[in-house]
Amino acid sequence: MKTYFATDLDMVLADSMPVWIYGLYVKYGYFTLKNYKIQVNGICQKEISKFIYERLLLRSNRIQPIKPSVEALPKILELFDQKYIPIITSRNKNLFNCTEKWCQKNLSIPFKLFFTDGIDADKLKIILENDIHYFADDRFRTVNDIAPFIKTSFLINYKWNADRKEHQNVIRKDNLAQVLEYLKDKLINE
Ligand SMILES: [Mg+2]
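Computed from a predicted structure; not experimentally measured. (Residues numbered from 1 in each chain as written. Predicted model: local features only at pLDDT ≥ 70, side-chain atom pairs only at ≥ 80, totals over all residues.)

Chemist: Please set out the overall build of the protein chain residue by residue, giving values where relevant.
Modeler: Broken down by element type, the protein chain carries seven helices and ten strands. The globule rule puts the C-alpha radius of gyration for 190 residues at 16 Å, and the 16 Å found for the protein chain is close to it. Expressed along its principal axes, the backbone C-alpha trace of the protein chain runs to roughly 55 × 35 × 30 Å. For the protein chain, the residues scored as buried account for 29% of the 190 residues in total. The long-range share in the protein chain, meaning contacts at least 24 apart out of those at least 6 apart in sequence, stands at 62%. (Helix = DSSP H or I, 4+ residues; strand = E, 2+ residues; numbered from the N terminus. Rg over C-alpha atoms; globule rule 2.2 N^0.38 Å. Buried ≥ 20, exposed ≤ 12 C-beta atoms within 10 Å, placed from the backbone. Contact = placed C-beta atoms within 7 Å.)

Here you go:
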């Protein structure tokens, strides 16, 4: 059976956090980011999500690629002889155009975008439907929930996912260049 690799977009390939984190601070002042949940005193999650959505829409062209990960993509594609890399994002579908444009500009590989509109459980559905056996994401819960159903779920290390005990199928790496090295070793030894 054909084995596929897929990845999340934000904070794996796209360094998108700086475009909204400063704006959030300017607008609301103090906020916390714990277990992937942003909390601002007196502001509901819906309003925070709307703010981030608008920043991503307005500032998409300022988002920098995460170089080691983006540069590893062509080699991962080659490794599995894949036609394209599925990119599974929890972004809202309304961000399709700016997301597609960003990927066309910054990724030198064929890709296919999947949007879950903030519903992270849908990532597993997409993974199962598309025969994906390896997946990388920076969100602890997503990676952990997916882990029992695929070969390896890669968790990209960040402070928001540190100090938590992951599922046995989860492997922590700093970027996709490290994931590539791991996959190469694994395939050679299989
Ligand atoms: Mg992410």
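Now, onward.
Chemist: Can you explain the pairing of strand β7 (residues 111–115)? Please cite residues and give values.
Modeler: Bridge count between strand β6 (residues 85–89) and β7: five bridges; the pairing is parallel. Across the sheet, the residue bridging to Pro 86 is Lys 112, located in β7. (Pairing = 2+ DSSP bridges.)

Chemist: Requested: an account of unusual backbone geometry, with residues and values cited.
Modeler: If a residue is not glycine, its phi is most likely negative; likewise, a peptide bond is most likely trans. A positive phi is found at Asp 81, a non-glycine position, where the angle reads about 55°. You will see that Asp 117, though not glycine, has its phi angle at about 50°, which is positive. Along the chain, Asp 117 falls in the loop between β7 and α5 (121–129).

Chemist: Summarise the pairing of strand β9 (residues 152–156); cite the residues concerned and give the values.
Modeler: Of all the five residues making up β9, four are buried; the element is thus mostly covered by neighbouring parts of the structure. Relative to β9, strand β8 (residues 132–137) runs parallel, the two sharing four bridges. Looking at the pairing, Ala 136 lines up with Phe 154 of β9. Both β9 and strand β10 (residues 170–173) contribute to a ladder of four bridges, which runs parallel. Bridge pairing in β10 links Leu 155 to Arg 172.

Chemist: Could you give me a rundown of the domain arrangement of the protein chain, with the residues and numbers involved?
Modeler: Reports of interface size often rely on the accessible area that becomes lost once the parts have come together. Split into domains, the protein chain comes out as domain 1 (4–15 + 65–189) and domain 2 (17–62). Taken together, the contact pairs ten residues of domain 1 with ten residues of domain 2. (Domains from an automatic or database assignment.)

Chemist: So what's going on with the nonpolar core? Which residues, and what values?
Modeler: For soluble globular proteins, the rule of thumb is that nonpolar side chains tend to be buried together. Grouped together as the largest cluster of nonpolar side chains are 36 residues, with contacts concentrated most on Phe 135 and Leu 176. Among all residues touching Phe 135, those that are not within four sequence positions of it are Ala 6, Thr 7, Ile 127, Ile 146, Ile 150, Ser 153 and Phe 154. (Core = buried A, V, L, I, M, F, W, Y, C linked by C-beta atoms within 7 Å.)

Chemist: Please set out α5 residue by residue, giving values where relevant.
Modeler: Three or more residues of α5 are buried, namely Lys 123, Leu 124 and Ile 127. All buried residues of α5 project into a common sector of 100° when viewed along the axis, lining one side. Those residues of α5 that are exposed and angled more than 90 degrees off the buried face are Ala 121 and Glu 129. (Arc of directions from axis to C-beta.)

Chemist: Now, about the packing of helix α1 (residues 17–28) against helix α2 (residues 45–59): what can you tell me, with residues and values included?
Modeler: Where α1 contacts α2, the two axes come as close as 9 Å, and the packing angle between them is 130°. By the criterion of interaxial angle, the relationship of α1 to α2 is oblique. Where α1 crosses over α2, the two elements pack in a sense that is right-handed. For the pair α1 and α2, the contacting residues are Val 19, Trp 20, Gly 23, Leu 24 and Lys 27 in the first and Phe 51, Ile 52, Arg 55, Leu 56 and Arg 59 in the second. In terms of residue class, the contact of α1 with α2 is made up of six nonpolar, one polar and three charged. (Axes fitted to C-alpha atoms, helices over the stretch in contact; angles between N-to-C directions. Parallel < 35°, antiparallel > 145°, perpendicular 65-115°, else oblique. Left-handed = near helix turned anticlockwise from the far one by under 90°. Nonpolar A, V, L, I, M, F, W, Y, C, P; charged D, E, K, R; others polar.)

Chemist: So, helix α3 (residues 67–80): which residues are in play, and what are the values?
Modeler: Between its first and last C-alpha atoms α3 spans 21 Å; for 14 residues at 1.5 Å apiece the expected length is 20 Å, and the two agree. Taking the largest bend as the criterion, α3 deviates by roughly 35°, centred on Leu 73, and proline Pro 74 comes between one and four positions later. Of all the residues in α3, the buried ones are Ser 69, Val 70, Ala 72, Leu 73 and Ile 76. Those residues of α3 that are buried are in contact with β1 (4–7), β5 (64–65), β6, α4 (96–106) and α7 (176–189). With its phi angle positive at about 55°, Asp 81 sits one or two positions after the end of α3. (Expected span 1.5 Å × (residues − 1). Bend = angle between axes of the 7 residues up to and from the residue.)

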